[in-house]
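# Fold and geometry: a report
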Amino acid sequence: MQINLGAQPFAAIETEALVSYVFEEADPVQGRIAEIDQSAGGLLRRLAKSGELTGKNLEFTLVHAPTGLKAARLLLVGAGKREQFNSATLRKIAGAALRYLKSRSVKNFALLVREGDATEESAQVIAEGALTAEFESDKYKTEKKNDKKIEAVPIAGYSDAERAAGEKGLAKGRTIAESQNFARDLINEPSNKLTPSILAQKAEAMAKSAGLSVEILDEKKIADLKMGALLSVAQGSVEPPRMIVITYNPPSAKPGAPVIGLIGKAVTFDTGGISIKPSDGMEKMKYDMAGGATMIGVMRALAALKPSLKVICVVPSTENMPGGRAQKPGDIQTAMSGKTIEVLNTDAEGRLILADGVHYAKQLGATHLIDAATLTGAIVVALAGINVGVFGSDQSFTDKLLASAKATGEKMWQMPIDDDYREFIKGTVADIQNIGSGKGGGAITGAMFIKEFTGDSPWIHLDIAGTAWNDDSKPWLAKGPTGVALRTLVHLVMSY
Ligand code: BES
Ligand code: ZN
Ligand code: ZN
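Model, not experiment: these values are computed from the prediction.

In this section: the coordination of the zinc ion (ligand 3). Of the protein atoms, only K265 (NZ), D270 (OD), D288 (OD) and E349 (OE) coordinate the zinc ion (ligand 3), at distances of 2.0 to 2.4 Å. Between the 6 donor atoms coordinating the zinc ion (ligand 3), the angles at the centre fall across 77 to 172°, so the site counts as octahedral. Spacing between the donor residues of the zinc ion (ligand 3) along their common chain follows K-x4-D-x17-D-x60-E. A separation of 3.2 Å is found between the zinc ion (ligand 3) and the zinc ion (ligand 2), which are bridged by D270. Remark: E349 occurs in the loop between β13 (340–343) and α10 (350–363) and D288 occurs in the loop between β10 (266–270) and α9 (290–305); sequence separation between them is 61 residues. Among the residues examined, E349 registers a relative accessible area of 1% and is labelled buried.

Written out as structure tokens, the structure is:
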């Protein structure tokens, strides 16, 4: 799909649809919309009077063959109240318009930004919204969705003076959206097409073509480094584990500056192991590598956006399988850090592999740690599929992340991890145990476990179990993998 800045005045654009947006206010026909209304002989004001055009959030008003325009259709999308309008709304409008028109077999449309909106940020979020909305999970369908495809989206409404900023925003938005879709493609892969080794190969190929350094640790190297927690999960599977390490190290990084460690859980399939999961819905556990895929996607974006901070991405990857060699409830394992762990439930495997992941990231020099993981069903109970659960050991670092989440339109909600929760994971026969003792707070328990391996480093844990996958489609996004947290993390690193 081509997305670029158009040069023509809106009335002259020959397109299958001219798209713009209207606010929910006493008179939704104002500014550029009033200009369109004039060319169209007062049609829009009549629609507003009759109540068909209200500006309510994501309301669609489609007009065919509007007079005064070269466009075959005019589509007005409701933008909600003007005071609440922001770049997150504009991103959704771009995505929702694309999906609305695509389902009607339209192949190209022009998106006209409203007066005052011709900024770098608008162009960026329109690119993000449109490109992520285009993504379909039809890779393995031999018949694609009626070949419905949007080919071109020119953005209109930028003056010559505003073009440079628009182009800059577009380039940034394209990079971020393509990286998010790259992550979503990985998340979509079923476990027979994406084993830990295949994930490592794909990450390596991406890193090499993006100019990032990459090292893949195989099972032997993982054993040499005594990553006992990762190995304990992997031992039940015939597929060997991998530890994927991707590094972005710009010459502009100042000595003594923070080094960000991004650690992502990549369990390519989670059966639960010997503490096996119920079969109902188990197929969804192919997305238990979403945290890892997201971190790999973040690195892809950073390679192009070039922040002046060193970033180390560490992705432990394994299957979690039952089998003759699988670990059993009660087994005691020694993590790379030397801490001993009582594995009371083999289904709480994400925290085990992250234990070695965060420890290794620190050993490689990361000073600030962020992990992303589809860690617990409990976070789905707490926050449903709406908010990412955020846990942080350093409030000023966490506040930076929450600000980035806000700026990029990703909903995140902070959860507590004070010392009172530490007793949940105290071990009876080993240092710690990998589940709580039935006191509730399952998502916090998972976070407390990972925290044990972070030492004094500022650390943030993102539980994306509820938000990494949409069971239903949204007007602006297909159902399936979301790539959540990628935009926030890219923004955080870029603004650090
Ligand atoms: N991968 C799951 C968590 C999950 C649940 C991801 C729902 C996506 C959607 C994780 O490994 C797991 O099984 N967690 C257990 C922990 C429990 C045994 C303490 C859970 O949440 O039930
Ligand atoms: Zn599990
Ligand atoms: Zn899992």
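So, next bit.
Our focus in this paragraph is the side chain of N188. Mapping N188 onto the fold places it in helix α5 (residues 163–188). Judged by relative accessible area, N188 falls into the buried class, the value being 14%. At 2.8 Å, the side chain of N188 and the side chain of S137 are in polar contact. Residues in contact with N188, not counting those within four places in the same chain, are F135, S137, K286, W469 and P481.

Here the focus is the site of ligand 1. Neighbouring residues of ligand 1: 16 residues in total, closest K277, D288, D347, E349 and G377. A distance of 2.9 Å is found between a nitrogen atom of ligand 1 and a side-chain nitrogen or oxygen belonging to D288. E349 places a polar side-chain atom, nitrogen or oxygen, 2.8 Å from an oxygen atom of ligand 1. Protein contact buries 78% of the 510 Å² of open area that ligand 1 shows by itself. In the shell around ligand 1, the residues fall into 5 nonpolar, 4 polar and 7 charged.

Turning to the packing of helix α6 (residues 196–210) against α9, a few remarks are in order. Two numbers describe how α6 lies on α9: the axes approach to 10 Å, and their chain directions differ by 10°. Viewed along their axes, α6 and α9 adopt a mutual orientation that is roughly parallel. Residues L199, A203, M206 and A210 of α6 form the contact with α9, whose participating residues are I296, M299, R300 and A303. Residue composition of the contact of α6 with α9, by class: 7 nonpolar, no polar and 1 charged.

Here is what the cut-offs are and how they apply
Residues numbered from 1 in each chain as written. Chains lettered and ligands numbered in written order. Predicted model: local features only at pLDDT ≥ 70, side-chain atom pairs only at ≥ 80, totals over all residues. Heavy atoms only, no water. Donors = N, O, S within 2.8 Å, 3.2 Å for Na, K, Ca; no water. Tetrahedral: all angles 85-135°; square planar, octahedral: opposite > 155°, others 65-115°. Helix = DSSP H or I, 4+ residues; strand = E, 2+ residues; numbered from the N terminus. Buried < 20%, exposed > 50% of the residue type's maximum accessible area, 1.4 Å probe, protein only. Polar contact = N/O pair within 3.5 Å; in protein donor to acceptor, adjacent residues only side chain to side chain. Contact = heavy atoms within 4.5 Å. Near = heavy atom within 4 Å. Areas by Shrake-Rupley, 256 points an atom, 1.4 Å probe, with all protein chains shown as cover. Nonpolar A, V, L, I, M, F, W, Y, C, P; charged D, E, K, R; others polar. Axes fitted to C-alpha atoms, helices over the stretch in contact; angles between N-to-C directions. Parallel < 35°, antiparallel > 145°, perpendicular 65-115°, else oblique.

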